[in-house]
Amino acid sequence: MSKNVLVIGSINVDYVIHTDRLPKLGETLTGSDFAMNFGGKGANQAVALAKTGSNVKMLGAVGKDLSGELAINNLKSFGIDTTDVLTVDAPTGAAVITVCGGDNHIILDIGANAYVTPEVIAQREALFDWADYVVMQYEIPMESVLFAARMTKKHGKKVILNPAPVKEADPELFRYVDMIIPNEFEAQLITGISPDDKETTEAAIRALQALGCAEAVVTLGKRGCAYTEGEKIAYAGIYDVKVVDTTAAGDSFIGGLCKSLCDGLSMTDAVAYASAVSSITVSRPGAGVSIPTADEVAEFLKNHTC
Ligand code: RIB
């Protein structure tokens with residue numbers, strides 16, 4: 001039977017503009033291809049899970065505004081259960097994103113996401129009975145992430161943590177984490193070790209485990225990723241695609257990885273699948289909208305190897 005995934009996290013609307021370079025202080029620059037997209041690390045990860053075929057419930061919050069209503073409808077359109085998405089008296093989370101040469105710069109106002117409090121989570125304890133995996137990021141209050149991680153372990157379920165955007169966390173949190181998935185920058189800020197080569201990457205992974213995380217996957221941009229598999233640390237490359245927009249690269253990777261773990265794949269196969277999901281995502285503009293379906297991933301894997 002298919003496993004269940006509870007995503008506790010952010011729901012945003014992304015305001016995106018493309019430019020060739022970033023403006024200097026005080027400069028007004030002409031950009032192009034403005035778009036409003038549905039985003040938020042939590043929502044993107046939920047969408048990646050749902051589009052690749054997982055059972056997903058989302059616990060989050062949006063504002064009593066048009067963006068919030070549309071964001072909920074967008075999640076529903078992928079079959080995500082939004083029963084536990086609150087509508088609160090605050091603006092829906094907003095991310096202003098500049099895409100420059102394929103890379104992105106993001107400024108976030110978490111808005112309604114701040115209302116995903118420990119109390120809100122405590123009132124929904126039954127969700128932790130339902131879930132096999134609980135997926136979280138850092139765009140809701142940190143005390144809520146810690147509270148939900150404790151609750152997940154109380155119910156004997158697995159915590160997948162994407163520590164993004166990276167910030168200081170209570171060390172207790174890492175003791176509950178079954179799998180942590182930071183990018184290289186986040187791994188460095190958490191461990192103090194910059195994963196620049198094989199030696200430092202392995203040291204960063206071992207440091208994440210020393211903090212209490214059972215398993216770790218560190219994404220390394222163009223260098224692929226490094227991950228724990230049993231006692232050893234393994235590496236995977238990336239697929240060769242033309243990068244258009246890296247927004248949701250990590251989110252789609254995490255969704256694809258969690259979906260694969262739900263399906264019982266080995267870490268090597270799960271990472272290969274997650275990389276394919278992420279590669280397709282970065283070859284298209286936008287966040288959730290760029291994430292592929294299971295059929296698209298299957299088609300891609302027929303023609304690509306990493
Ligand atoms: O990871 C990408 C996401 O980060 C964007 O969709 C934006 O909303 C920010 O939360």
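What comes next is a walk through the structure.

Cut-offs applied
Residues numbered from 1 in each chain as written. Predicted model: local features only at pLDDT ≥ 70, side-chain atom pairs only at ≥ 80, totals over all residues. Heavy atoms only, no water. Helix = DSSP H or I, 4+ residues; strand = E, 2+ residues; numbered from the N terminus. Contact = heavy atoms within 4.5 Å. Polar contact = N/O pair within 3.5 Å; in protein donor to acceptor, adjacent residues only side chain to side chain. 1 Å grid on protein atoms, 1.4 Å probe; cavity = no way out; pocket = protein on both sides within 12 Å on 5 of 7 lines; lining within 4 Å. Points joined across faces, edges and corners; volume = space filled by probe spheres on them. Pairing = 2+ DSSP bridges. Buried < 20%, exposed > 50% of the residue type's maximum accessible area, 1.4 Å probe, protein only. Patch = residues over 30% accessible without salt bridge, like charges linked within 9 Å, V, L, I, M, F, W, Y side chains within 5 Å. Areas by Shrake-Rupley, 256 points an atom, 1.4 Å probe, with all protein chains shown as cover. Salt bridge = Lys/Arg side-chain N within 4 Å of Asp/Glu carboxyl O. Core = buried A, V, L, I, M, F, W, Y, C linked by side-chain atoms within 4.5 Å. Lys, Arg positive; Asp, Glu negative; His and termini not counted. Near = heavy atom within 4 Å. Sits in = over half its atoms within 2 Å of the grid points.

1. Describing the environment of Asn 12
The topology assignment puts Asn 12 in strand β2 (residues 12-19). Asn 12 sits 157 residues away from Ala 169 along the chain, and the two C-alpha atoms are 22 Å apart. Apart from residues no more than four positions distant in its own chain, Asn 12 is found in contact with Asn 37, Phe 38, Gly 39, Gly 40, Gly 93, Ala 94, Leu 108, Asn 113 and Glu 139. A distance of 2.9 Å separates a polar atom in the side chain of Asn 12 from a polar atom in the side chain of Asn 113.

2. What to know about the layout of surface pockets
There is about 1400 Å³ of room inside the largest pocket. What lines the largest pocket is a set of 48 residues, and nearest its centre among them are Asn 104, Asn 183, Thr 246, Ala 249 and Gly 250. Where the lining of the largest pocket is concerned, the elements lending two or more residues are β2, α1 (41-51), β6 (93-100), β7 (103-109), α7 (184-191), α9 (249-262) and α10 (267-282).

3. Remarks on the sheet that holds strand β4 (residues 55-63)
The sheet built from 9 strands is open, its strands ordered β5-β4-β1-β8-β9-β10-β11-β12-β13 with mixed pairing. Each having just a single partner strand, β5 (85-88) and β13 (232-236) make up the two edges of the open sheet. Sheet topology places strand β11 (residues 215-219) next to strand β12 (residues 225-229); 3 bridges connect them, and they run antiparallel. Each residue of the ladder has a partner; that of Val 218, found in β12, is Ala 226.

4. Considerations on the pairing of strand β8 (residues 133-136)
The side chains of a regular strand alternate between both faces of the sheet. Burial along β8 is two-sided: Tyr 133 and Val 135 facing one way and Val 134 and Met 136 facing the other are all buried. Pairing geometry for strand β1 (residues 4-8) and β8, over 4 bridges, is parallel. In the sheet register, Ile 8 faces β8, and the bridge partner there is Met 136. Sheet analysis places β8 next to strand β9 (residues 158-161), joined by 4 bridges and oriented parallel.

5. Side note on the pairing of β6
Along β6, 6 of the 8 residues are buried, which leaves the element largely enclosed by surrounding structure. In this sheet, β6 lies alongside β2 in parallel orientation, the contact comprising 8 bridges. Looking at β6, one finds that Val 13 is bridged to Ala 94. By the bridge criterion, 7 bridges tie β6 to β7 in an arrangement that is antiparallel. By the bridge assignment for β7, Thr 98 is matched with His 105. Hairpin connection, β6 to β7: the antiparallel pair is bridged by 2 residues, and Gly 101 has positive phi, about 60 degrees.

6. With respect to a nonpolar patch on the surface
Nonpolar side chains collect at one region of the surface, where Ile 17, Phe 34 and Met 36 lie side by side and expose about 310 Å² of accessible area between them. Take Ile 17: it is sitting in strand β2.

7. A short note on the nonpolar core
Counting 45 residues, the largest nonpolar core has Val 217 and Leu 257 as the members making the most contacts within it. If we ignore the near neighbours within four places in the chain, the residues touching Leu 257 are Met 179, Ile 181, Val 217, Ala 270, Val 271 and Ala 274. Ile 8, Val 120, Ala 187 and Cys 213 belong to the second largest nonpolar core, which has 41 residues in total.

8. Examining the side chain of Lys 51
Mapped onto the elements of the fold, Lys 51 is located in helix α1. The buried charged residue Lys 51 lacks any salt bridge partner; its closest oppositely charged side chain belongs to Glu 296, at an N-O distance of 5.7 Å. A polar atom in the side chain of Lys 51 sits 3.3 Å from the backbone oxygen of Gly 288. With sequence-adjacent residues up to four places away left out, Lys 51 is seen in contact with Phe 78, Gly 288, Val 289, Ile 291, Pro 292, Thr 293 and Ala 294.

9. Re the side chain of Ser 144
Structurally, the position occupied by Ser 144 is in helix α5 (residues 142-154). We classify Ser 144 as buried; its relative accessible area is 0%. Once residues lying within four places of it in the same chain are set aside, the contact partners of Ser 144 are Val 116, Thr 117, Pro 118 and Ile 121.

10. Comments concerning the site of the ligand
All residues adjacent to the ligand are Asn 12, Asp 14, Gly 39, Gly 40, Lys 41, Asn 44, Ala 95, Ile 106, Glu 139, Ala 248, Asp 251 and Ala 287. Asp 251 is positioned such that a nitrogen or oxygen atom in its side chain is 2.7 Å from an oxygen atom of the ligand. Calculation on the ligand without its partners gives an accessible area of 280 Å², and the protein chains cover 96% of this total. Taking a 2 Å distance to the grid points as the criterion, the majority of the atoms of the ligand fall inside the largest pocket. Listing elements by their share of the shell around the ligand, those giving two or more residues are β2 and α1.

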